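Okay, here's what each chain looks like letter by letter:
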Amino acid sequence: LKQFGIDEVIVLPFTREFAAIPFNTFLESLTFTHLILGTSAAFGKRREGTEEAVRTWAQGKPLIIEYIPKLHLDGEPISSTRIRTALAAGDHALAERLLGWSLKGLL
């Protein structure tokens, strides 16, 4: 990630308590200048952190809010569900194509 200029990564455990935090409370607890999310991202309590809600929250703040479109492979969106399904079916070749890297040494 450092190769891409990312200074810090925060990994947070997903718990019931964490899931109950409103999206704006979560965002206000962080220090950041650029937020990148997928177009269908919705997070926070009751998934209220939709693109519209986040953009409204960010108005007037010195932040860059960026939503990236879904990537597709063979006419279907690439998703964690699709990757897990391929792995469960033993289709490692498809999982690798979806991930964009080899699973050799991991399985």
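Residues numbered from 1 in each chain as written. Predicted model: local features only at pLDDT ≥ 70, side-chain atom pairs only at ≥ 80, totals over all residues. Heavy atoms only, no water.

Colleague: Would you mind showing me how to read the overall build of the protein here?
Modeller: When you go through the protein residue by residue, the secondary structure sums to five helices and four strands. Each helix and strand of the protein, ordered N terminal to C terminal, gives the series α-α-β-α-β-β-β-α-α. The C-alpha atoms of the protein give 17 Å as radius of gyration, which overshoots the globular expectation for 107 residues (13 Å, by more than 25%). Its C-alpha atoms give the protein principal-axis dimensions of about 45 × 30 × 30 Å. Here the analysis covers contacts within the protein between residues at least 6 apart in sequence; of these, 39% occur between residues at least 24 apart. Carbon and sulfur atoms make up 57% of the accessible area of the protein, which amounts to about 8,200 Å² in all. One way to put it: in the protein the 12 positive side-chain charges average out to a point 4 Å from where the 12 negative ones average out. (Helix = DSSP H or I, 4+ residues; strand = E, 2+ residues; numbered from the N terminus. Rg over C-alpha atoms; globule rule 2.2 N^0.38 Å. Contact = heavy atoms within 4.5 Å. Areas by Shrake-Rupley, 256 points an atom, 1.4 Å probe, with all protein chains shown as cover. Lys, Arg positive; Asp, Glu negative; His and termini not counted. Charge placed at Lys NZ, Arg CZ, Asp CG, Glu CD.)

Colleague: Help me understand the packing of aromatic side chains, please; the structure alone is not making it clear to me.
Modeller: Two numbers describe a pair of aromatic rings. These are the distance of the centres and the angle of the planes. This model, assessed by the stated rule, comprises five aromatic pairs. When the ring of phenylalanine 14 is compared with that of phenylalanine 18, the centres are 6.1 Å apart and the planes differ by 80°; the resulting orientation is edge-to-face. Accessibility expressed as a relative area gives 68% for phenylalanine 14, which makes it exposed. A relative accessible area of 24% means that phenylalanine 18 is categorised as partly exposed. Look at phenylalanine 26 and phenylalanine 43: their rings are 6.4 Å apart centre to centre, the planes differ by 80°, and that puts the pair in the edge-to-face class. (Phe/Tyr/Trp six-rings, centres within 6.5 Å; stacked < 30°, edge-to-face > 60°. Buried < 20%, exposed > 50% of the residue type's maximum accessible area, 1.4 Å probe, protein only.)

Colleague: Is there a simple way to explain unusual backbone geometry in this structure?
Modeller: Outside of glycine, negative phi angles account for most residues, and trans bonds account for most peptide bonds. A positive phi angle is found at arginine 46, which is not glycine, with a value near 55°. Of note, the phi angle at arginine 47 is positive, near 55°, even though the residue is not glycine.

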